[in-house]
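Okay, here's what each chain looks like letter by letter:
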Amino acid sequence: MKLKQYIKRIKEECWALGFVRGGMEMIMESNHLEVDWVKMPKDRWFADPFVLDVTAEEILILVEDFGYDIHKGVISLLHINRKTMEIASRKVLLEKPTHLSFPAIWRYDRHIYIYPENAQGGQLDMYEYHPDSETLTFVKTLCEDVVWDSYVTEAFGEPLMFTANSNDFELDIYKQNETNEHFLPYLQVASDVPNMRMGGGRVFI
């Protein structure tokens, strides 16, 4: 590796995956958290984990998979051994010319839908996940705006999407149109806290 490439590599951001022991009550009340860290590879890092399934032997998660060779994020499925915290397998489920991240999960009517962030692509697309084949198929475009870290919830009686776009001091709430095909701007919540890009997914995760 050339010197310039090496310096660039060590200066880049890098994320790690870990699972906190205990329930939510312990997490909220404890000043000291016990974390089981996943053993990470050297050629990539993972971020934005979403749990697909948990068995006695392993944890299945969707992640932003950032490879140093392609220098962008793809969406991958990881099988993690619960005993050793080692990655038993990694499978790329979705790759585009643009950077992908935040593979949020929407479970609806016994189906599992994934809508990863694709702000560089200019829209938010939804895919159905098929557990038997561990594959994704395109369903539709959820939103035609540039949105970041979007999260759909039905906690308020109807599907709403919490996200953020260009304004760093506003939380953007989107609502489905009359035919339930797309999400459209519905409400903006101003804040004096910067980086509302994290206001979407971090509100309900």
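Everything quoted here is computed from the prediction, not taken from an experiment.

A. View of the packing of aromatic side chains. Applying the stated rule across the entire model yields seven aromatic pairs. Relative to Tyr68, the ring of Phe66 has its centre 6.5 Å away and its plane inclined at 80 degrees; by these criteria the two rings are edge-to-face. The pair formed by Phe66 and Tyr68 is uniform in burial state, with each residue classed as buried. Seen in terms of ring centroids, Tyr127 and Phe138 are 5.7 Å apart; in terms of plane orientation they differ by 75 degrees. Their pairing is edge-to-face. Of this pair, Tyr127 sits in strand β9 (residues 124–130) while Phe138 sits in strand β10 (residues 135–143), and the two are 11 residues apart along the sequence. Its relative accessible area of 48% is what places Phe138 among the partly exposed residues.

B. How the structure looks around the environment of Cys143. Within the secondary structure, Cys143 is located in strand β10. Put simply, Cys143 and Met126 are 17 residues apart on the chain and 9.2 Å apart in space, counted from C-alpha to C-alpha. Those residues in contact with Cys143, other than ones at most four positions away along the chain, are Gln123, Leu124, Met161, Tyr174 and Phe183.

C. Focus on a nonpolar patch on the surface. Taken together, the side chains of Val20, Met26 and Leu33 present a nonpolar region at the surface, about 210 Å² in accessible area. Here Met26 shows up in helix α2 (residues 24–29).

D. Just the pairing of strand β5 (residues 72–81), in detail. Counting buried positions along β5 yields nine of 10 residues, so the element is predominantly enclosed. In this structure, strand β4 (residues 58–67) lies alongside β5, joined through 10 bridges in antiparallel fashion. By the bridge assignment, Val63 is partnered in β5 with Ser76. Counting the residues between successive antiparallel strands, the hairpin from β4 to β5 contains four residues, one of them, His71, with a positive phi of roughly 55 degrees.

E. Region of interest: the sheet that holds strand β6 (residues 87–94). Across the sheet, four strands lie side by side as β3-β4-β5-β6; this open sheet has antiparallel pairing. Strands at the two margins of the open sheet, each flanked by one partner only, are β3 (44–54) and β6. Going across the sheet, the axis of each strand differs from the next one's by a mean of 30 degrees, ignoring polarity. Pairing of β3 with β4, which is carried by eight bridges, proceeds in the antiparallel orientation. Looking at β4, one finds that Phe50 is bridged to Leu62.

Reading the values: rules and limits
Residues numbered from 1 in each chain as written. Predicted model: local features only at pLDDT ≥ 70, side-chain atom pairs only at ≥ 80, totals over all residues. Heavy atoms only, no water. Phe/Tyr/Trp six-rings, centres within 6.5 Å; stacked < 30°, edge-to-face > 60°. Buried < 20%, exposed > 50% of the residue type's maximum accessible area, 1.4 Å probe, protein only. Helix = DSSP H or I, 4+ residues; strand = E, 2+ residues; numbered from the N terminus. Contact = heavy atoms within 4.5 Å. Patch = residues over 30% accessible without salt bridge, like charges linked within 9 Å, V, L, I, M, F, W, Y side chains within 5 Å. Areas by Shrake-Rupley, 256 points an atom, 1.4 Å probe, with all protein chains shown as cover. Salt bridge = Lys/Arg side-chain N within 4 Å of Asp/Glu carboxyl O. Pairing = 2+ DSSP bridges. Axes fitted to C-alpha atoms, helices over the stretch in contact; angles between N-to-C directions.

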